[in-house]
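Geometric and topological summary
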Amino acid sequence: MHLPNFMEFECPVKTHYGDWALNHIPFELKALGAAKPLLIADEAASLEKRLKPVLEAFRDTDMTLGVVEDIPTSDMQNSLHQLSAIYRDKDCDAIIAVGQGSFIDLTKWLNLTLSTGEESLASFSEGRLIPRALKPLAVIPSAAADGFELSGYLRIQETTLASAHLMPQLLFLDPRTSGRPDDTTMVETALNALTNGVETFFCAAANPMKAVYARTATMLATEALCQLAGRGARDERLAITVAHAAALGGCALGCQGLSTIHHLAHAIASTGKATPTQAQSVLLSYMLERRSLETEMNVDLFLSLAGGNDRFARTPEHQRSAAAIYFLRNLINQLFAITDGKIGRTLQDIGLTREELPAIAEAAGRRDTECEASSLEAILVHAWEGRPVDGTT
Amino acid sequence: MLHIPAYYEYCCRVNVVAGHEALEKIPQILERVHASKPMIVTDRGVAGAGLVDLVTRIIGDKVDIGGIEDDVPPDSSLDAVRRIAEAYRNNACDALIAVGGGSVLDTAKGANIMVSEETDDLMAFSGAGALTHRLKPLIAIPTTAGTGSETTLVAVIKDHERHQKMPFVSYFLLPDAAILDPRMTLTLPPAITAATAMDALTHAMEAYTCLAKNPLSDASAVTAIELIAKHLMPVMKQPENRDGRLALAMAATLAGMAFSNAMVGMVHNIGHAVGAVCGVPHGTCMAILLPYGLEYNLHRNGDLTAELLLPLEGADVYARTPSEKRAGRVITRVRELNQSLYDITHGGHARCLKEVRNRDGNAAVPKDQLPDIIKAAKCDPAIFLNPEDLDDEDYLMVLEHAWDGTPLDRSRIKTG
């Protein structure tokens, strides 16, 4: 494992996983000094009736629970104002968020606004420190996640804030609220988790503390993806495994986890031709392959995380990195088949033209600190053609 | 391999700052926790080694130090905790900086309970779950690698009158920040480097093989074991190796994160008792007892112990070792490690209880004290999450072998 000369790591998230996990919410909120939480749910959570077990957890407590359902994210500012007004009016002191993706960004924004009195994100993006103790925020994600829910990133339109203090203090993963998304949605969530786990584990900013979450997210995501791809029997807890992977992948990202693959995916998504998930899923094996050329990155460890210790140990040392890449590519090929091509094997599969690649590389290069635009373009070309990355990249 | 229980919790809210100039971040960290007048808690050994001076020189005029309390005894003490709490109040401090090993860190945690709860009765908060709100800011700067106390929710304070070690367990005991700087362990004597690293190894191995394991504690444990396996002997051979010292510090912190969330088992159970009755340092107890704990539990968790061969010895040894022999190989490797540490410290690192010497050079663990150790072990809660029970006969068997330095006779282990 690569050890940095200096690192700082903080993960304020307390994870509760498993059967009856939700029943611990009142106790944990009380421990954070809360007595009047506001439960907020997105449209999907309301539709899928994921709130009932959360409400039941408060039945025999002396806490006062406010509930607001069906919150849209189409107009984030409006939703922020509505929720702020309700929170203040009811004198609430904590937030419980049931949902995923941009809805969780909304709840992080809400928490920041209520804790600091400052709604505008501009002051924070210009250097104002996000205070340490925001109000308690508990997140109950599902198996339809973008992987950023538990991270320290808050993304509203073109503004991105990053701070460990934005991370929820509480995470609850309960089979009753993981939802039952379709296979394609679970594949996408698991791939988001895999990207976050792998990138955090093998990037230049990796450190042993992040590796705890990254390692676990990678193993969970791979296990889920193998089941979804039809390798082995499907576990009845697949949905919560996917949710688990995505949540821990977010913890691994923290607030210092965006890497080359995220910047490339963001630039690709900006073309409107593909989602970040689709882009990341194609790029993952190519980025890993590129990193395998740098020996201190220990890409061979991916084989241990994904394929198990025995497979790792049995594979000759000089073949492990290649075997790791092969494992990943083979998995992506299978996922291409079961998602009817929604998960692509190449950038061509997901609709990009070769002519678009230089502009994408340039856009990503403006944000990326690890690679220059020319290297990024080379990676993109390989990923477009489906050609392995070699020492010339 | 992933082992996912039906339910688990995992938490480590400590801000870990690690690096070759991590100490320089102290003023910034104090500002973040809204503190400006910390009390430094340490012991005479650490102060005598110049480590407190190093800290005060670095934070210099940026911080108003409220006082330095350096009279923490080995294994901590109720008296020391009370004294420090009083000094904290008298000097109107608003934070604690603990510079030292496990005893110092635990003493600072104990003092933090007293000043935050505004109490003189520390024992009222012993056990689990007695604390209900955030304590005063605490920054932990370990000078060993180590107890992992900088990232644990546990403090163990010795009641010298009753010869008992009292545990305090709460998430509120977690320090706000842990600063890992290799300058803090560069001058650590070889025998202490060895014992504290074995302490960390024990934390990791017990967390992985006992009953409350979870995927995140497992990941913490495996990473810790990898780092110790790779860096301990090189650091023993070259004590000025800063990268190695930093790696061992990270390993100890990770091992602390592991056992803080998955607890421990019989190695700690018996080790606490040996420490309480005979005054043997904790790390020494751990090093000696670790192979016995793994050996005793083999019939219950040998498959888990077997998995540790990969981080401990690497892929080649793992692949070459038949699966049914891997657990045994782990135990052998731990014994080999103890032997190597004994050799390189010229006998300073004890391999068995009869080799442990007290400050006067006498045997620290007379054989006739084994029954007293058993009595103390039966009162220690660390056994709760051990995969197998022990009765008086079992304890005596393990202790006799650990005293002699001979492997257990596994045919005498009662199963179930």
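Residues numbered from 1 in each chain as written. Chains lettered and ligands numbered in written order. Predicted model: local features only at pLDDT ≥ 70, side-chain atom pairs only at ≥ 80, totals over all residues.

**What about the overall build of chain A?**
What counts, and what does not: Comment: elements are numbered from the N terminus, with helices defined as DSSP H or I runs of at least four residues and strands as E runs of at least two. Radius of gyration: over C-alpha atoms. The globule rule applied is 2.2 Å multiplied by the number of residues raised to the 0.38 power. Two residues form a contact once the distance between their C-beta atoms, set from the backbone, is within 7 Å.
On a plain count of helices and strands, chain A comes out with 16 helices and nine strands. Relative to its length of 393 residues, chain A is compact, with a C-alpha radius of gyration of 21 Å against a globular reference of 21 Å. For chain A, the C-alpha atoms occupy an extent of roughly 60 × 45 × 40 Å along the three principal directions. Pairs at least 24 residues apart make up 77% of the contacts formed inside chain A by residues separated by at least 6 positions.

**A short note on the overall build of chain B**
Stated precisely, the cut-off is as follows: Labels follow a simple rule on C-beta atoms placed from the backbone: if 20 or more others lie within 10 Å of a residue's own, it is buried; if 12 or fewer, it is exposed; otherwise it is partly exposed.
Along its length, chain B carries 16 helices and ten strands. The globule rule puts the C-alpha radius of gyration for 416 residues at 22 Å, and the 20 Å found for chain B is close to it. Each principal axis of the C-alpha atoms in chain B carries an extent, and together these give about 60 × 50 × 45 Å. When the 416 residues of chain B are sorted by exposure, 59% land in the buried category. Within chain B, residue pairs in contact and separated by at least 24 positions form 79% of the contacts whose partners lie at least 6 positions apart.

**Structural notes on the environment of R335 of chain B**
With respect to the element layout, R335 of chain B can be found in helix α14 (residues 326–344). With 18 C-beta atoms packed within 10 Å, R335 of chain B lands in the partly exposed category.

**Overview of the confidence of the model for chain B**
All names here are of chain B. The criterion, for reference: Known as pLDDT, the predictor's confidence for each residue is given on a scale from 0 to 100.
Here chain B shows a mean pLDDT of 94. Residues at 70 or above account for 100%. Confidence, read as mean pLDDT per element, is least for strand β9 (residues 164–169) in chain B (83) and greatest for α14 (98). Both scores are given for the predicted complex: the pTM is 0.94, the ipTM 0.94.

**Description of unusual backbone geometry**
Residue and element names in this part refer to chain A. In this model, D91 sits at a positive phi of 60°, which is unusual for a non-glycine residue. Along the chain, D91 turns up in the loop between α4 (76–89) and β5 (94–98). D91 sits in the exposed class, given 11 other C-beta atoms within 10 Å.

**Digging into the environment of P239 of chain B**
All names here are of chain B. Turning to its location among the elements, P239 is positioned in the loop between α7 (215–237) and α8 (242–262). P239 gets classed as partly exposed once you count the C-beta atoms within 10 Å, which come to 16. Linking P239 and T185, residues 54 residues apart in sequence, is a C-alpha distance of 9.1 Å.

**Examining the domain arrangement of chain B**
All names here are of chain B. Note the cut-off: Residue ranges labeled as domains rest on an automatic or database domain assignment. Amino acid classes used here: Ala, Val, Leu, Ile, Met, Phe, Trp, Tyr, Cys and Pro are nonpolar; Asp, Glu, Lys and Arg are charged; the rest, including Gly, are polar.
Domain annotation of chain B identifies domain 1 (21–180) and domain 2 (190–412). A straight line from the C-alpha centre of domain 1 to that of domain 2 covers 26 Å. Contributions of two or more residues to the side of domain 1 that touches domain 2 are made by β8 (154–159), β9 and β10 (177–180). Element by element, the count of residues in the side of domain 1 that touches domain 2 is highest for β9, at three residues. Residue classes in the side of domain 1 that touches domain 2 are distributed as eight nonpolar, ten polar and four charged.

**Some remarks on the sheet that holds strand β6 (residues 127–128) of chain B**
By definition, the strands of a sheet pair up through backbone hydrogen bonds, in either a parallel or an antiparallel sense. For clarity, the threshold we go by: DSSP calls a pair of strands paired once it identifies at least 2 bridges connecting them.
Read from one edge of the open sheet, three strands run β6-β9-β8 (chain B), paired in mixed fashion. The outermost strands of the open sheet, each flanked by one partner alone, are β6 and β8 of chain B.

**Re the interface of chain A and chain B**
Counting residues at the interface gives 35 residues for chain A, matched by 40 residues for chain B. For the side of chain A that touches chain B, the elements supplying multiple residues, two or more each, are β1 (6–9), β2 (14–18), α8 (208–228) and α13 (309–314) of chain A. Sorting elements by how many residues they give to the side of chain A that touches chain B places α8 of chain A first, with nine residues. Broken down by class, the residue content of the side of chain A that touches chain B amounts to 19 nonpolar, eight polar and eight charged. Relative to strand β2 (residues 15–19) of chain B, β1 of chain A is paired through four bridges, and the arrangement is antiparallel. Bridged to F9 of chain A within β2 of chain B is V16 of chain B.

**With respect to the sheet that holds β2 of chain A**
Where we set the bar: Working convention: axes come from line fits to C-alpha atoms, limited for helices to the stretch in contact. Angles between N-to-C directions cover 0 to 180 degrees.
Pairing in this open sheet of seven strands is mixed, and the strands run β4(A)-β3(A)-β5(A)-β6(A)-β9(A)-β2(A)-β1(B) from one edge to the other. In this open sheet, the two edge strands, each paired with only one partner strand, are β4 (66–71) of chain A together with β1 (7–10) of chain B. Averaged over neighbouring strand pairs, the angle between their axes works out to 15° when direction is ignored. Across the sheet, helix α9 (residues 238–253) of chain A lies against β2 and β9 (170–173) of chain A, angled at about 160° from β9 of chain A, the strand it touches most.

**Considerations on the packing of helix α15 (residues 357–365) of chain A against helix α16 (residues 373–385) of chain A**
Residue and element names in this part refer to chain A. Heads up, the rule is: Working rule for angles: under 35 degrees goes down as roughly parallel, over 145 as roughly antiparallel, 65 to 115 as roughly perpendicular, anything else as oblique. If you view the pair so one helix is near and one far, a crossing is left-handed when the near helix is turned anticlockwise from the far one by less than a right angle, and right-handed when it is turned clockwise.
α16 packs onto α15 with a crossing angle of 135° between their chain directions and a minimal axis gap of 8 Å. Taken together, the axis directions place α15 and α16 in an arrangement best described as oblique. Here the hand of the crossing between α15 and α16 comes out right-handed. Mapping the contact onto sequence places L357, P358, I360, A361, E362, A364 and G365 in α15 and A373, L376, E377, L380, V381 and W384 in α16. Partitioned by chemical class, the residues of the contact of α15 with α16 number ten nonpolar, one polar and two charged.

**Focus: the pairing of strand β3 (residues 37–42) of chain A**
Residues and elements named next belong to chain A. Counted residue by residue, β3 has six buried out of six residues, so it is predominantly covered. What you see with β3 is no split at all: P37, L39 and A41 on one side and L38, I40 and D42 on the other are buried throughout. Relative to β4, β3 is paired through four bridges, and the arrangement is parallel. Residue pairing across strands places D42 opposite I71, the latter belonging to β4.

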